[in-house]
Every structure is written in structure tokens, then in C-alpha cells.
Amino acid sequence: MSNNKTGAVLVIGGGIGGIQASLDLAETGFKVYLLEKEPAIVGRMSQLDKTFPTNDCAMCTLSPKLVDAAGHPNIELITYAELEKIKGEAGNFKVQIVKHPRFVDEEKCTGCGICTNNCMVQNKAYFNRQPAMIELAAEDAGKVNTIINNYHSQPEFLLAILQDIQSVYNYLPSDILRVVSQQLNVPLSKVYGIATYYTAFSLKPRGKYVINVCMGTACHVRGAGMILDALTRHLEIAPGETTKDMMFSLETVNCLGACALGPVIVSNDKYFGKMTVSRVEETLEKLTVSANRRDAETLRR
Amino acid sequence: MNRIKSPEEMESLIQQIIQERGRSEKIQITLCGGTGCHAYNCQMVIDAFEQGIEKGNLSERVGIKVTGCHGFCERGVLVVIKPSGVFYQQVKPEDVPEILSAVISGEIVERLLYRDLNTKSKITHEEDVPFYKKQTRFIFGHNGEIDPTRIEDYIAIKGYAALGKVLSGMPPEQIIEEIKKSGLRGRGGGGFPTGIKWETTRKAPGEPRYVICNADEGDPGAYMDGSLLEGNPHLVMEGMIIGAYAIGSSLGYVYVRNEYPLAVKNVETAIEQARGYGLLGRDIMGSGFDFDIKVVRGGGAFVCGESTALFASIEGRIGEPRAKYIRSAERGLWDKPTNLNNVETWANVPLIINKGADWYAKIGTENSKGTKIFSLVGKINNTGLVEVPMGITLREIVNDIGGGIPKKRRFKAVQTGGPSGGCIPEDFLDTPVDFDELTKVGSMMGSGGMIVMDDHTCMVDIARYFLEFLKNESCGKCVPCREGVWQMHNILSEICSGNGKESDLDLLMEIGETITAAALCGLGTTAPNPVMSTLRYFRDEYESHIKDKRCPSGACKELVTFIIDVEKCNGCGVCKKNCPQGAIIGEKKETHTLDGNKCTKCGICFEDCPFGAVMVR
């Protein structure tokens, strides 16, 4: 490997990924600037106990790399600083970095810790920071609280709570998932675990009309695939997507239990049975027309 | 509503309701309000009847009753006039005035009667319709008589009598003995003897114990559990209460698919009503036995039908199964002894208690007792739910009850057991339907899906379809299922699109065997079954996809072309007008031509041609 590398690399983010990248680059001979917005490089990994899939101790993996990165002649740490601007192209970038003031002379500080102990104002410990409480709009907060209270804030009803939220919002908004996690005292990761595992949930806003194409075996042998293709063609979206005007979402469902009507599609509780490819367009029209009429009626009332 | 304080009070309530009903001379119009008929818009028919009765001031003489699924979904909306038993099918809102006036004058609306498929003669009464005639409807038959939202309707058919019998002096051990003697086996697919499961749970150390009703009917093409639960929730609940009493449990769960909104609603109503009568809650019928039921809605994951995954889901976790070194009867929900049975299994319990194990054991074959409900769907004339005694042949189900294949096409196979089952070809149509015989021919009983396929169904495509389903539904916990099914699906997709290699078939077998040997849960180990069974009986279809790059059934889109039959086309122009690609050319009244380069094989021309001139090759 040749040693006369030219140029320098800016690595943004001093977590385990950034540290490892910097070390690898520095080893091959590049000058590396490692930028980190917190006062020290370390990242999230230090907050973990064990890592997947080997169950290794996280700190045991991380700490030698921290020492290496801090002492490597080719790595320059720029901590407590953020990237402001970036210009140029590959091979020739100019970046502007804003460094937050530390009010301590970095050249002289050895990290002895005396000042931290003697400071009269107690700062909350770095790793015990709580995520900020999410404030929902009053209307949303009301709705979410009612749902959670229906289940007496018990974490075992997480699935049911998410189902109810989805039936109100048509999807699971991320703010609300955070609130659910805080109120039930369940880690956000677990809430997301459930939300992404069960196919009934959507994390993206869905259209006003969610068209579910039944892909049960009975519908399949009667040509459900062709119907799905036709809907894809007409709406110009793939299954799982929503039209730009937020009118239609196209989804598939494993079996609706209406096998005699196969192939069957259902949209907002309205069933369309014995579908044919040529009836797809007409059905979509019917759906929008009846929808508009219903809207008009609600307005009149 | 008064709480029932003793089994004797229950008995007198039953008699009281039966007598009251017997005195009434009202004509009852019963309408099917199951999911299938809902899809046919039965609500509009119901509204029309209500308005008609109100307008004609008939409310003294005629009543309407919206019941659960009658089973004959093909012909919905179904209307049966009681007590005469006149059966109308495919009823539309505009037919209602005619029916009402016929009901009053005692006449029959001829045009709405069912017409026999073979003899073309009209059939007046429900019990004479061939679809029903061959069935033995012990469990499902009551669906047509009761309004699932009214507990009194269930009591009127001697509902909760079995519970009364049990609580008036059958010790739990005797109940378990009775269930064991009846030979009842789990209807969810496994076929495990129910009595033994109950006994293990009863004897397992640990408190509390739980009973669970598994209504997470994930098999595509099977809908009998949902229909039973929505049409007769009290029957299932009575079974659960008896089971809980025998096992010594005080809390039960019904885990039901959220895709069955009607079942969720009806079972919740039923629980409320049963609580009102003191049939759930503290001190049931004054016996000192406490029991209550909670409803949990599933999140749309197939694997949650597996017991340990279902427990995880009830506990509010991700529905992943665990290895069953310890049976769930010993350590199940919240690590406590748990008895999980399928909807249909629970529904059989009151019947066994009422009629006795000896009576029950006479129905069926040596090792499979009682009846089984199947959902007969696919390429069949009479789609619907059928309840038949174990031991009936597949041929009887398909031809006599199902009325054969539509459009006089050829029968090819019947798929049983859902994604874990297999396809049974014509040669085995005389196989008696029971747990062991179906396993012998390479399929399984499963929960009761029965999908009929004709010569236009490609077996390779069906195998690919099931694997696609399983690939999406694999929970991802164990490698053999997560990666193996994925690979098998890839290979099958390649074969279906004409890129198959001859070595693929052996590779499929090899991966399949590995998955069966190594996957963690029951759904994983059976995942390769759709491929294995089609490879066993329809290897020639696989070979023609691979060697000749041809799909003999014309189902695999990449391998077929649409052609216009010159003989049949008379140039009507329908296909030309409807083709979204403008791929059809030709002058009016002259034979049309299809431009293969533009054709996207959407199938519109095939569907629309009034002369059947568009062919799929």
C-alpha cells in the first residue's frame, strides 16, 4: 500500500461507525478530521450492554477504539462542533464548521475532573438525559389519552392501543408513538418493534380510501393477481403506496373471509365482489363518486 | 336481566323462553348477515324489509331476524322464511316487496328459488337443497336460527344447558373423561386429542391457569372459524366456560383476527350479555366457580395462530414462537399452564356434554370423531361452508355438496390444510377425509380450508403463491424458515417466469427437507409442504415450465401469450375498445389481430370477449 496519500477526509459523527471509519482511513494513510457535535466522541454504543448477534460486551469493543482514535497521529478530533456548510465536489470539498465554546482551554485541560466535582451548579449527568417530553396538540393529546386510559395504561395492551390509534389516524404518527412509549413506560424500540412486525400497521399516512385486495387462495385461483395489476396500473402506485393526492392507498390482505365473492376488494368497509379487470376503473369511479356524495351529505348536516 | 343463581334456574329459563317462542305465531324472515352476505350488501336488503314491514303495518305478523352465516355463500343474500322453511337465494333489495306480499298470502316467489344445477328443477325448502342435504350440521346448523347479538336466541335452542348440566354435579375429572372418551381432536390443524390436553393443563403445577380460544384464522381461503364465532359466539363461549371449569381456570382469552370486524363485535356483545345473566363473572350459576373472558384482537400476522406466538402477542410482545421443549399446557401464557383450542374445538364441547361421549364417538372414523367444517372455495360451483362427518370422501364434498367445477372444466386438485397442507390430485378423490388419511396422501386436515382447482390453475404457480405468502409471513426468528422459504420462493419465481433449470427440482427438495427438519415452529416445519406435494403429484407441470418454457394451464403470465381465434372472432370490436394498450387492431366486422409486442397480458380482452375468441396459450 502506498504511503503518499493526498488530501484529507472529514468524517462526520463520532459514534462507533465514524470512529471505525476514521481508524481505517487513518491506517491507510489519510489525514482524518473526525467531527462530533457532543463534547466527546463515544456515541450510542456506550449506552448498550450487549450487542447483536454475538452478545459481546459493548464497552469492551468500543473503548480500545476510543483510545486508538484519540491517540492516532493521523486523526484530528473536532468535538463539540457542527458542520455548517459544505461546498465543492468529490476530491475538492470546502467545509465550514461551527465550534461551540467550551469555556475551558483545551490545550491545557487534562481531564483531571476537579472542576466537575467542585462546580456548585449540578449538571444532569450526560447519559441520564431524558428524551424531551413530546407535547401533542390538545386535540391529539385528548384522543390518545382516551385510548390509553381505556386500557388502564397497561403495557400488555400495547397491540390493542396501537390498533385503536391506527383506526383514529389511519396510520401511526411518530409523535404519538413516542407519547405511547412514555405513557406506558415501554421503550420506544419495543413500540416500533410491534408497529413494524404486524402487517396491519402503517407508519406512513394513508389515503382517504384504503383499497385492500384480497390475496387469499380462493381469490388467487380466481385471478386476484390480475386485479392487483390492474389497480396498480390505474392508480400508478405499487401495493403499499399512496397516490400523491392522498386519495387512495393500495394494500393487500391475506384473506377477508368472503371467498364466495372472489376475487374481492374492500375499501373503507365497502366490498366489491367478483371483480374483473374491466370493472376496476368503474369501481374506482364508483368509490370516488360515492365518497364525494357522502362528504357532501356530511357537510349538509 | 336477572342473574341465574342455580342450574335449575337455567333449566327453567330455557323452558320459559322456548314456551314463549312456541306461543308466538309470528312469521320469521331470517336473513343471513355473515361476512359473505355483508359483502353482498345484505344491509340494504335488511333495511328494505324493515321499511316494508313498517309501511305495511306488518310488525304484528312478521318479524325479521338477522342471523350469522348460513354457509351457502355462493348464493347470498340468503333469506329463509320460518316456520315454512321456504328458501330464497340471491335476494336483492328490489325483491323485498314481492317476498313480503308472498309471505302474507302464503305464496312462494318462484323466481327466487334455488334451481338444481343438474336437474334444473326448482327447490322450495332449505333442507332439500343438495348443498345442505348431504351435510351433517351439528355445529354450524344453528347459525341460521339465531341472531348472534341476542343471547335469548341461543338459550332458545337449549344453549347453556350443557353448562347447567356440568355445574349441577359433574366433577371436572368426569368432564375430562367424557371429552377423552368422545375422541374429540383439535380442529385447528394439529389434531391433538382435546381431552388429554385438558388433563395435562389441569394437572400442571402453577396458578392461575388460562384457557384460550384461537380464532386467529390465518389460512388464506379458510373462514369457518370467523363465521362460527360471528354467527354463534355463545356456543364457543359455552365450550370455553365448560373447559375452564374442567381445567380449573378463571380467565379466558379469545384471540381473534382484526380482519373479522363482525366476529370481534359479536363476541364482545355476547360476553356482555353472558355477564348480565351471570354466565360469566363471579359465582356462575351459584356454583362458586368464577370465570371471565377477554377479547384480544390480532395484528394480522399468520404466525400468531401458532400457540406460543399467540401467547407472545397476548402479552403485548412481538408474535414470535418459541421452541416447545416445555408444552404450553405446562408453561404457556405468562409462563402459566394454558389450554389453547381452536374455535371449532370449543364449539364441539357443549354438544358432547349434552348428547354424551358415546353418541359423539359413533360419528366419524376410527381415529377421527365428530364432524368437521370446511370452507369449500376456489373453482367450485357452490362456494361456502360445509359441515360433514369425518370419513366422507373428497369426491362427495366436491361433486355432491360443491356441485362440481364451474363451466364444465376438469377437476385438477383440491388443496387442504392451507399453507401447511398439500394438493390432492384426482386419483385420490375417494380418500376418506380424516386426520390420518389426509396425512397419508401428503396433505393434512389443517384448519379446514379446501380450495378446489381446475385445469386452468397452474400447480407451480400455486406452490409459488403459498411460498410467497409464507415468505411474507415468516416471523424471521429461525434461519431455516426465514432464509429457506425465501430461497425456495426465488427458485419457483424463476421457474414460473421461464428461467428454471433442471437442477432446480432437486434443489427444491433438498431445501424443503432441511426446513422440515430444522425449523422452530409448526408453521416452519410444514412450510415446504405445498411444494413437496405438488412436486410429488404434478412433476410434469414443473418439467414443462423448465424444459418447454410453457405453462400448460395458462396461468403463469410470463409464459403465456394471448391470441385471437380467427374462427371465433367476428370483429365486434369490444376487445379493441377496452384494450388499455391499444394492442388490438382490426376493422369492424373483420377478424381482429393482437399485437404481441404491445400486449401487457392484463386479461381484459380474455374477460370481455363475448364469443370466447381470445385464447391463452
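Residues numbered from 1 in each chain as written. Chains lettered and ligands numbered in written order. Predicted model: local features only at pLDDT ≥ 70, side-chain atom pairs only at ≥ 80, totals over all residues. Heavy atoms only, no water.

### Considering the state of the cysteines
Logical step 1: On inspection of all chains with the given rule, the structure shows one disulfide over all chains.
Logical step 2: Across a sulfur-sulfur distance of 2.4 Å, Cys57 of chain A and Cys60 of chain A are joined as a disulfide pair. Residues Cys57 of chain A and Cys60 of chain A are joined by a disulfide whose S-S torsion is about 85 degrees; by sign, that bridge is right-handed.
Logical step 3: Its relative accessible area of 31% is what places Cys57 of chain A among the partly exposed residues.
Logical step 4: No disulfide involves Cys259 of chain A; its sulfur sits 4.2 Å from that of Cys255 of chain A, the nearest cysteine.
Logical step 5: In this structure Cys259 of chain A comes out as buried when scored by relative accessible area, which is 3%.
Logical step 6: Cys496 of chain B forms no disulfide, and the closest cysteine sulfur to it belongs to Cys556 of chain B, at a distance of 3.9 Å. (Disulfide = S-S within 2.5 Å. Buried < 20%, exposed > 50% of the residue type's maximum accessible area, 1.4 Å probe, protein only.)

### A closer look at the packing of helix 10 (residues 224–231) of chain B against helix 12 (residues 261–276) of chain B
Residue and element names in this part refer to chain B.
Logical step 1: The interhelical angle for the contact between helix 10 and helix 12, taken along N-to-C directions, is 35 degrees, at an axis separation of 8 Å. Considering how the two elements wind past one another, helix 10 and helix 12 form a crossing that is left-handed. Contacts between helix 10 and helix 12 pair Gly226, Leu229 and Glu230 from the former with Leu262, Ala263, Asn266 and Val267 from the latter.
Logical step 2: Partitioned by chemical class, the residues of the contact of helix 10 with helix 12 number four nonpolar, two polar and one charged. (Axes fitted to C-alpha atoms, helices over the stretch in contact; angles between N-to-C directions. Helix = DSSP H or I, 4+ residues; strand = E, 2+ residues; numbered from the N terminus. Left-handed = near helix turned anticlockwise from the far one by under 90°. Contact = heavy atoms within 4.5 Å. Nonpolar A, V, L, I, M, F, W, Y, C, P; charged D, E, K, R; others polar.)

### Examining the pairing of strand 3 (residues 79–82) of chain B
Residue and element names in this part refer to chain B.
Logical step 1: As judged from the four bridges shared by strand 1 (residues 27–32) and strand 3, these two strands associate in the antiparallel manner. Looking across to strand 3, one finds that Gln28 is bridged to Lys82.
Logical step 2: Both strand 3 and strand 4 (residues 86–88) contribute to a ladder of three bridges, which runs antiparallel. By the bridge assignment for strand 4, Ile81 is matched with Val86.
Logical step 3: The antiparallel pairing of strand 3 with strand 4 creates a hairpin that spans three residues between the two strands, and Gly85 there sits at a positive phi of about 80 degrees. (Pairing = 2+ DSSP bridges.)

### A word on the pattern of salt bridges
Residue and element names in this part refer to chain B.
Logical step 1: Counted by the stated rule, this structure contains 38 salt bridges over all chains.
Logical step 2: For Glu259, the salt bridge identified is with Arg257, shortest N-O distance 3.6 Å.
Logical step 3: Here Glu437 makes a salt bridge to Lys440, at a shortest N to O gap of 3.2 Å. Of this pair, Glu437 and Lys440 are both found in helix 17 (residues 435–440), three residues apart, which corresponds to roughly one turn of the helix.
Logical step 4: Look at Lys440 and you get exposed, because its relative accessible area is 58%.
Logical step 5: Ionic contacts of the salt-bridge type, sharing partners, join the residues Arg21, Lys65, Arg150 and Asp153 into one network. (Salt bridge = Lys/Arg side-chain N within 4 Å of Asp/Glu carboxyl O.)

### Focus: the sheet that holds strand 11 (residues 270–272) of chain A
All names here are of chain A.
Logical step 1: Ordered by their spatial adjacency, four strands build an open sheet running 9-8-10-11, and the pairing between neighbours is mixed. Edge positions in the sheet fall to strand 9 (248–253) and strand 11, since each of these pairs with one other strand and no more. Within this sheet the neighbouring strands show an average axis-to-axis angle of 25 degrees, counted without direction.
Logical step 2: The sheet contact formed by strand 8 (residues 209–214) and strand 10 (residues 265–267) spans three bridges and is antiparallel.

### As for the nonpolar core
Logical step 1: Counting 178 residues, the largest nonpolar core has Leu231 of chain A together with Tyr88, Tyr160, Ile175 and Leu279 of chain B as its most contacted members.
Logical step 2: With ten residues, the top contributor of residues to this core is helix 11 (residues 233–247) of chain B.
Logical step 3: Listed in part, the 72 residues of the second largest apolar core include Val186 and Ala195 of chain A together with Ala309 and Cys556 of chain B. (Core = buried A, V, L, I, M, F, W, Y, C linked by side-chain atoms within 4.5 Å.)

### Some remarks on the confidence of the model for chain B
Logical step 1: Here chain B shows a mean pLDDT of 89. Residues at 70 or above account for 100%.
Logical step 2: Prediction confidence for the complex, expressed as pTM and ipTM, is 0.81 and 0.82 respectively. (pLDDT = per-residue confidence, 0-100.)

### Digging into the confidence of the model for chain A
Logical step 1: Overall, the prediction assigns chain A a mean pLDDT of 84, with 90% of residues at 70 or greater.
Logical step 2: Predicted confidence in chain A is weakest over helix 10 (residues 280–300) of chain A, with a mean pLDDT of 68, and strongest over strand 2 (residues 31–35) of chain A, with 95.

### Some words on unusual backbone geometry
Logical step 1: Between Lys82 of chain B and Pro83 of chain B the backbone carries a cis peptide bond, its omega angle lying at 5 degrees.
Logical step 2: Position of Pro83 of chain B relative to the elements: it lies in the loop between strand 3 and strand 4.
Logical step 3: Residue Pro208 of chain B is bonded to the preceding Glu207 of chain B through a cis peptide linkage, with omega at -10 degrees.
Logical step 4: By the secondary structure assignment, Pro208 of chain B is in the loop between helix 9 (194–203) and strand 7 (210–215).
Logical step 5: One non-glycine residue, Tyr80 of chain A, adopts positive backbone phi at about 55 degrees.
Logical step 6: Mapped onto the secondary structure, Tyr80 of chain A falls in the loop between strand 5 (75–78) and strand 6 (81–89).
Logical step 7: Residues other than glycine seldom take positive phi values, yet His152 of chain A does so here, at roughly 50 degrees.
Logical step 8: Summarising the element assignment, His152 of chain A is placed in the loop between helix 4 (138–150) and helix 5 (158–169).
Logical step 9: The class of His152 of chain A is exposed, set by a relative accessible area of 62%.

### Examining the interface of chain A and chain B
Logical step 1: Facing the 40 residues of chain A at the interface are 62 residues of chain B.
Logical step 2: Around 3800 Å² of area is buried between chain A and chain B when both sides are counted, 55% of it from carbon and sulfur atoms.
Logical step 3: Taken together, the connections running from chain A to chain B amount to three salt bridges.
Logical step 4: For Asp229 of chain A, the salt bridge goes to Lys557 of chain B, with nearest N and O atoms at 2.8 Å.
Logical step 5: Every element with two or more residues in the side of chain A that touches chain B is listed here: helix 5, helix 7 (188–197), helix 8 (217–221), helix 9 (224–235) and strand 11 of chain A.
Logical step 6: In terms of residue count, the dominant contributor to the side of chain A that touches chain B is helix 5 of chain A (five residues).
Logical step 7: When grouped by side-chain class, the residues that make up the side of chain A that touches chain B number 22 nonpolar, ten polar and eight charged. (Buried area = accessible area lost by both parts, 1.4 Å probe.)

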